[in-house]
Amino acid sequence: MKKLSKIPFKLIILFSSFLILSQHVQADDHIAAHRHLADPATLVYNGRVYIYASNDDDNTDDKDSGYKMKSIVCISSSDMKNWTDHGVVFEAPRDVSWANRTWAPSVIARNGKIYLYFGNGGSGIGVATSSSPIGPFKDPLGKKLIDNETPGVQPAKNMWLFDPMAFLDDDGQAYLYFGGNGEDNMRVIKLNEDMISVNGQASSFHVPAFFEASWMHKRNGNYYFSYSSNPKAEMRIDYMMSKSPTTGFVYKGVIGAQPPNNNNNNHHGIFEFKGKWYHAYHNRLVAIKKGIPPVYKRNLAIEELTYKPDGSIVQISYTANGVTQVGSVNPYQRNEAESMQDQNGIITKNTADGGMEISGMKNNNWIKIQGVDFGKKGPKDFSAKVSGLSPGTSLEVRVGSLDGKQIAKLVSTGDKTADLQIRAAKAEPIQGKQDFYLLISGGDPSTAIDIDWWRFQQR
Ligand code: FUB
């Protein structure tokens, strides 16, 4: 650690990029894999869980890209399996003139407002606010919230001033944890009720092998401070426990080893949703599968988290299928096409009305929606708002698998148009809970198909 702290910040990032750590045999689950996202921060709000992430699609595809993330992407779910893409919700310098980076956010709700904290790279922390969890977020201060002049931040050896974690305690006191690159570089400072100013000076507690990625959560009166350990300790997620949010922390062990298919920096978010606890994190599986340099192209994944009776955390076993679904999808209402469990070959884009759609679909591209409950009666027809269906191209609805039973099909009417149109087709009877696919089949490779939403009509 001593050796590392003498190395400049940029060099450490480069160095950590080339670390070769032990390979794990298991693959793990990934979510929103049509994007490269990292550093998950979570917010449970009005029956959904929102994840805010560093947008690694801002980084170029080459191995020397560097971490150039200047936007934050938000996704959300009500069932932990189907995730809705809300797109970029905050971007520098568009929404924050003084910053050129938006790394590793933390998001919290208070008094009907949502607060998003972010690192301007490793050189200071900003805050942005919105009235909605899906933004847009705007900078209320016109300057950093935390910098080297903030009381209590310095002295610190080679401090990385980033990775904020906002935490609101049950007594109404909010705290911001932050810092990196040294066992004595973790800081915590009180936030005022406005959440955009600090109260008093930052304090610190010693964190063994502390590298980055502070997280705080509370369960049954216990405070859990978790973090990424340094490269020497294999960049695990470790944790400490206390009965106070700022003092008395005791090291308790490992929450998650270095994830499979990662071999580099590690960053997590812990949250409770519908009675279960979860651990969101990033790895580099999607880039590895694509065969592109993975260092700056991370992706999100998620696992359940469990506790022992004494409150200590059971170390995560990384799985191939992440978590189980909580709830189901109602097919008889408008469902956004950018809400899916898995996909092949899609991108998402903003629509003119401020929403999102899936875009650029060609032959054999698809989305999968998991756990759709058709009920006892089943559907009588299927409709979707779609554009670009040229002669010979169809949008097939298949259940169970990609070559499962086709229950509906939208075909070209010959009036190929760039505009989204609502199209309907008869649906075969089908009952109960099913996974289904929207699959593009055949057609003109020069035309790409966009889908805004879909729904079934009940029989
Ligand atoms: O994404 C940039 C940096 O990588 C974050 O700030 C760190 O926590 C690490 O994940």
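Residues numbered from 1 in each chain as written. Predicted model: local features only at pLDDT ≥ 70, side-chain atom pairs only at ≥ 80, totals over all residues. Heavy atoms only, no water.

> Even after reading the chapter, I still don't get the overall build of the protein, so can you show me in this structure?
When its secondary structure is counted, the protein shows three helices and 30 strands. In terms of overall dimensions, the protein is globule-like: its C-alpha atoms have a radius of gyration of 23 Å, near the 23 Å expected for 459 residues. Counting only C-alpha atoms, the protein reaches 70 × 45 × 45 Å along its principal axes. Within the protein, the fraction of its 459 residues that count as buried is 59%. Long-range contacts, defined here as pairs at least 24 residues apart, represent 60% of the contacts in the protein between residues at least 6 apart. Across the protein, the 51 positively charged side chains and the 47 negatively charged ones have centroids separated by 2 Å. (Helix = DSSP H or I, 4+ residues; strand = E, 2+ residues; numbered from the N terminus. Rg over C-alpha atoms; globule rule 2.2 N^0.38 Å. Buried < 20%, exposed > 50% of the residue type's maximum accessible area, 1.4 Å probe, protein only. Contact = heavy atoms within 4.5 Å. Lys, Arg positive; Asp, Glu negative; His and termini not counted. Charge placed at Lys NZ, Arg CZ, Asp CG, Glu CD.)

> Sorry, what's going on with the nonpolar core here?
Nonpolar side chains tend to gather and get buried jointly when the protein is soluble and globular. Core analysis: the largest hydrophobic core is formed by 48 residues, its most contacted members being Tyr52, Phe90, Tyr177 and Phe225. In this view, phenylalanine 90 contacts Lys70, Ser71, Ile72, Asp95, Val96, Thr102, Leu116, Phe118, Ala128 and Phe137; residues no more than four positions away in its chain are not counted. One finds Tyr332, Phe382, Ala425 and Ile430 within the second-largest nonpolar core, a separate group that totals 31 residues. (Core = buried A, V, L, I, M, F, W, Y, C linked by side-chain atoms within 4.5 Å.)

> Sorry if this is basic, but what is going on with the site of the ligand here?
Surrounding the ligand, one finds Asp39, Met69, Trp103, Ala104, Phe162, Asp163, Glu212, Asn265, His267, His282 and Arg298. In the model, an oxygen atom of the ligand is placed 2.7 Å from a nitrogen or oxygen of the histidine 267 side chain. Residue arginine 298 places a side-chain N or O atom 2.9 Å away from an oxygen atom belonging to the ligand. Against a free-state accessible area of 280 Å², the protein chains account for coverage of 100% of the ligand. A molecule is said to occupy a pocket when more than half its atoms come within 2 Å of that pocket's grid points, and by this definition the ligand occupies the largest cavity. (Near = heavy atom within 4 Å. Polar contact = N/O pair within 3.5 Å; in protein donor to acceptor, adjacent residues only side chain to side chain. Areas by Shrake-Rupley, 256 points an atom, 1.4 Å probe, with all protein chains shown as cover. 1 Å grid on protein atoms, 1.4 Å probe; cavity = no way out; pocket = protein on both sides within 12 Å on 5 of 7 lines; lining within 4 Å. Sits in = over half its atoms within 2 Å of the grid points.)

> What am I meant to see in the packing of aromatic side chains here?
By convention here, two paired aromatic rings are described through the distance between centres and the angle between planes. Applying the stated criterion across every chain, the model contains 29 aromatic pairs. Ring geometry for tryptophan 454 against phenylalanine 456: centres 6.0 Å apart, planes inclined by 75 degrees, an arrangement best described as edge-to-face. Judged by relative accessible area, which is 0%, phenylalanine 456 ranks as buried. Of the aromatic side chains, those joined through ring pairs into one cluster are Tyr175, Tyr177, Phe205, Phe210, Phe225, Tyr227 and Phe249. Between arginine 219 and the ring centre of tyrosine 307, over which it is positioned, the NZ or CZ distance is 3.8 Å. (Phe/Tyr/Trp six-rings, centres within 6.5 Å; stacked < 30°, edge-to-face > 60°. Lys NZ or Arg CZ within 6 Å of the ring centre and 35° of its normal.)

> How should I be thinking about the pattern of salt bridges in this particular structure?
A full pass over the atoms with the stated rule returns 18 salt bridges. Measuring nitrogen to oxygen at the nearest pair gives 3.2 Å for the salt bridge that ties glutamate 304 to lysine 276. With a gap of 28 residues between them, glutamate 304 in strand E18 (residues 299–305) and lysine 276 in strand E17 (residues 276–283) connect regions that are remote in the sequence. Assessed through its relative accessible area of 29%, glutamate 304 is described here as partly exposed. Judged by relative accessible area, lysine 276 falls into the partly exposed class, the value being 28%. Salt bridges sharing common partners tie together Lys70, Glu91, Arg94, Asp95 and Lys138. (Salt bridge = Lys/Arg side-chain N within 4 Å of Asp/Glu carboxyl O.)

> Hey, could you run me through the environment of tyrosine 67 in this one?
Relative to the assigned elements, tyrosine 67 resides in the loop between strand E2 (48–55) and strand E3 (71–77). In terms of polar contacts, tyrosine 67 uses its side chain to reach the side chain of asparagine 265, at 2.9 Å. Looking at tyrosine 67, its side chain comes within polar contact range of the main-chain oxygen of valine 295, at 3.4 Å.

> I would appreciate a short explanation of the pairing of strand E22 (residues 347–350) in the present structure.
Direction of pairing for E22 relative to strand E23 (residues 356–361): antiparallel, over a ladder of four bridges. Each bridged residue has a counterpart across the sheet, and for asparagine 350 the counterpart in E23 is methionine 356. (Pairing = 2+ DSSP bridges.)

> Sorry, what's going on with the layout of surface pockets here?
Unoccupied space between atoms shows up once a probe the size of one water molecule is rolled over them. Empty space within the largest pocket amounts to approximately 500 Å³. Lining the largest pocket are 19 residues, with Thr42, Phe167, Leu168, Met216 and Ile270 sitting closest to its centre. Counted by class, the lining of the largest pocket contains 14 nonpolar, two polar and three charged residues. (Points joined across faces, edges and corners; volume = space filled by probe spheres on them. Nonpolar A, V, L, I, M, F, W, Y, C, P; charged D, E, K, R; others polar.)

> Any chance you could explain the sheet that holds strand E7 (residues 125–130) here in plain terms?
Sheets are built from strands that pair by backbone hydrogen bonding, the pairs being arranged parallel or antiparallel. One open sheet accounts for three strands, arranged E5-E6-E7; its pairing is antiparallel. Bordering the open sheet on either side are strand E5 (103–110) and E7, each of which pairs with just one other strand. Taking each pair of neighbouring strands and ignoring which way they run, the sheet shows an average axis angle of 20 degrees. Strand direction decides the pairing type here: E5 and strand E6 (residues 113–119), joined by six bridges, are antiparallel. (Axes fitted to C-alpha atoms, helices over the stretch in contact; angles between N-to-C directions.)

> Can you help me understand the sheet that holds strand E9 (residues 174–178) in this one?
As summarised here, the arrangement of the four strands in space is E8-E9-E10-E11, forming an open sheet in which the pairing is antiparallel. Each edge of the open sheet carries a strand with a single partner, namely strand E8 (165–168) and strand E11 (198–203). Averaged over all neighbouring strand pairs, the angle between strand axes comes to 20 degrees, with direction disregarded. Two strands pair when backbone bridges link them, and strand E10 (residues 187–191) and E11 are joined in this way by three bridges, in the antiparallel orientation. Note that in E11 the partner of leucine 191 across the bridge is valine 198.

> Teacher, can you tell me more about the confidence of the model for the protein here?
Note that predicted coordinates carrying low pLDDT should not be read in detail. Chain-level pLDDT for the protein is 92 on average; 93% of the residues reach the 70-or-more range. Segment residues 1–28 is flagged for pLDDT under 50; beyond a separation of four residues in sequence, or across chains, it makes 63 contacts in the model. (pLDDT = per-residue confidence, 0-100.)

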